[in-house]
Amino acid sequence: MDYTIRFMPQDKAAKVRPGTTVLQAARNARVHIATRCGGNAACLMCKVEADTGHNSSLSPPTAAEQRKLGPLLEQGIRLACQAKIIGAAEVRLPEDPLKAAIRKQLERQQEDDLW
């Protein structure tokens with residue numbers, strides 16, 4: 001049985017087999033998730049936000065995730081290279097830091113233009 005995983009805010013989805021990592025599913029959906037370590041939970045670049053708790057559609061956090069993320073796990077942050085899909089899921093990718101800075105600057109400029 002395949003599961004659908006949806007990536008937000010891109011609103012792209014992929015059907016994957018159970019046990020597929022979120023990182024591999026993102027590649028299947030042509031969604032870019034940055035990583036330097038090749039999926040070894042070393043670089044922390046592949047953080048995504050997912051549902052937490054007993055209704056989670058992702059595998060429980062690995063020991064590597066627990067060591068690396070600590071309290072971020074409670075906020076729903078997971079490593080895409082370690083989290084495996086065990087049901088239909090939706091994850092949110094954080095905004096690219098450069099794009100976020102540009103967006104904030106444009107918002108400030110718009111506010112200034114109003115005066």
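Calculation notes
Residues numbered from 1 in each chain as written. Predicted model: local features only at pLDDT ≥ 70, side-chain atom pairs only at ≥ 80, totals over all residues. Heavy atoms only, no water. pLDDT = per-residue confidence, 0-100. Helix = DSSP H or I, 4+ residues; strand = E, 2+ residues; numbered from the N terminus. Pairing = 2+ DSSP bridges. Axes fitted to C-alpha atoms, helices over the stretch in contact; angles between N-to-C directions. Buried < 20%, exposed > 50% of the residue type's maximum accessible area, 1.4 Å probe, protein only. Contact = heavy atoms within 4.5 Å. Polar contact = N/O pair within 3.5 Å; in protein donor to acceptor, adjacent residues only side chain to side chain. Salt bridge = Lys/Arg side-chain N within 4 Å of Asp/Glu carboxyl O.

So, the confidence of the model for the protein
Low pLDDT means the predicted coordinates in that region are not meant to be read closely.
So, point 1. Averaged over every residue, the pLDDT of the protein is 89; the share at 70 or more is 94%.
So, point 2. Ranking the elements of the protein by mean pLDDT puts helix H3 (residues 97-114) last, at 80, and helix H1 (residues 22-28) first, at 96.

Considering the sheet that holds strand E5 (residues 89-92)
So, point 1. Within the open sheet, the 5 strands sit side by side as E2-E1-E5-E3-E4. Their pairing is mixed. Looking at strand neighbours, the two that pair on one side only are strand E2 (12-16) and strand E4 (77-79), the edges of this open sheet. Between one strand and the next, the sheet's axes are offset by a mean angle of 35°, whatever the strand orientation.
So, point 2. Two strands pair when backbone bridges link them, and strand E1 (residues 3-8) and E2 are joined in this way by 5 bridges, in the antiparallel orientation. Counterpart to Ile5 in the pairing with E2 is Ala14.

A closer look at the side chain of Glu65
So, point 1. The topology assignment puts Glu65 in helix H2 (residues 63-69).
So, point 2. The class for Glu65 is buried, based on a relative accessible area of 0%.
So, point 3. Those residues in contact with Glu65 that lie beyond four places of it in its chain are Pro60, Gly70, Leu73, Arg78, Leu79, Gln82 and Ala83.

Regarding the environment of Thr62
So, point 1. In this structure, Thr62 sits in the loop between strand E3 (47-50) and H2.
So, point 2. Within the structure, the side chain of Thr62 is placed 3.1 Å from the backbone nitrogen of Glu65, a separation counted as a polar contact.

Topic: the pattern of salt bridges
So, point 1. Here the structure, examined in full by the defined rule, presents 3 salt bridges.
So, point 2. Taking the shortest distance from any N to any O, the salt bridge between Glu65 and Arg78 comes out at 2.9 Å. Here Arg78 lies in strand E4 and Glu65 lies in helix H2, a separation of 13 residues in the sequence.
So, point 3. Overall, Arg78 belongs to the buried group, its relative accessible area being 6%.
So, point 4. Across the salt bridge formed by Glu107 and Arg103, the nearest N and O atoms sit 3.1 Å from each other. Residue Glu107 and its partner Arg103 are both found in helix H3; the two are separated by 4 residues, about one turn of the helix.
So, point 5. Residue classification places Glu107 among the partly exposed positions, given a relative accessible area of 37%.
So, point 6. Since its relative accessible area comes to 33%, Arg103 is described here as partly exposed.

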